[in-house]
Amino acid sequence: MYHQVKARRRYESRRRREQAAQTRRDIVTAAGRLFRDRGYGIPMPAIAHEAGVVVETIYRIFGNKSGLFRAVVEALLAGGPTRAEVPVEERPAIRAIIDEPDPRRKIALYAATQPGIHRRAGPLLSALRGAKASNRDLARLWDELEAWRYEGQGRLVAQLAERGGLRADRSLDEAKDVVWTLCSLAVHDLLVLERGWTAERYEAWLAATLTHELVGD
């Protein structure tokens, strides 16, 4: 009897965790739709209604609206709420970059991830960039996301340096700044949205430019 009760409790505990995870995904998905359609000013009760939960549930999970917005952005960067639950370095595309020994191929794989990231998360990040001047929480969130981006791109540079792939006349800090600038949403939007480049042309340019700047000719 003891083992049956223990097994049932484990099952119920696992089911509650799964339900909680699905609730979180539902909220992130609903909030993503509403943030894209109606902007950051969408009331929290409207998000709760769209997700089929009470407002208190959103605050309990995400803390506040900026925490929810961050979760939405992270899900878009990852390719969906479920993928966002997987640690970054365990995601297949990132794992392939880490494991690639050839520096030029590594950079090409990294450049291939950028068009999709900007396509999925770009609209919300653009809205965040525009609204951060008048909202302290959004300004803090923007700074956190940019610091997170810089840190992640710094790991690419570190991998190149560790394997002898970084050009000799580039310091680690200079290389990080180059990647952070070239892969920014601002550069993507100038070329793709303003100048009309295709995603394929942008990716090819980014791969070639990063290779020149980080590895050399």
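Structure shown above.
The structure contained in this document is the topic of the report that follows. (Residues numbered from 1 in each chain as written. Predicted model: local features only at pLDDT ≥ 70, side-chain atom pairs only at ≥ 80, totals over all residues. Heavy atoms only, no water.)

### Considerations on the packing of helix α7 (residues 103-131) against helix α10 (residues 185-194)
Direction vectors running N to C along α7 and α10 enclose 110°, while the axes themselves pass 11 Å from each other. Considering their axes alone, α7 and α10 lie roughly perpendicular with respect to each other. Residues His118, Gly122, Leu125, Ser126 and Arg129 of α7 form the contact with α10, whose own contacting residues are Leu185, Ala186, His188 and Asp189. In terms of residue class, the contact of α7 with α10 is built from three nonpolar, four polar and two charged. (Axes fitted to C-alpha atoms, helices over the stretch in contact; angles between N-to-C directions. Helix = DSSP H or I, 4+ residues; strand = E, 2+ residues; numbered from the N terminus. Parallel < 35°, antiparallel > 145°, perpendicular 65-115°, else oblique. Contact = heavy atoms within 4.5 Å. Nonpolar A, V, L, I, M, F, W, Y, C, P; charged D, E, K, R; others polar.)

### Examining the packing of aromatic side chains
In this structure the tally under the stated criterion is six aromatic pairs. The interplanar angle of 75° and the centroid separation of 6.4 Å between the aromatic rings of Tyr150 and Trp180 together place this pair among those described as edge-to-face. Of this pair, Tyr150 sits in helix α8 (residues 136-162) while Trp180 sits in helix α9 (residues 172-182), and the two are 30 residues apart along the sequence. Relative accessible area serves as the criterion here: at 27%, Tyr150 is assigned to the partly exposed category. Pairwise contacts between aromatic rings join Phe35, Tyr40 and Phe69 into one cluster. Stacked on the ring of Tyr40, the Lys or Arg Lys65 has its end atom at 5.0 Å from the ring centre. (Phe/Tyr/Trp six-rings, centres within 6.5 Å; stacked < 30°, edge-to-face > 60°. Buried < 20%, exposed > 50% of the residue type's maximum accessible area, 1.4 Å probe, protein only. Lys NZ or Arg CZ within 6 Å of the ring centre and 35° of its normal.)

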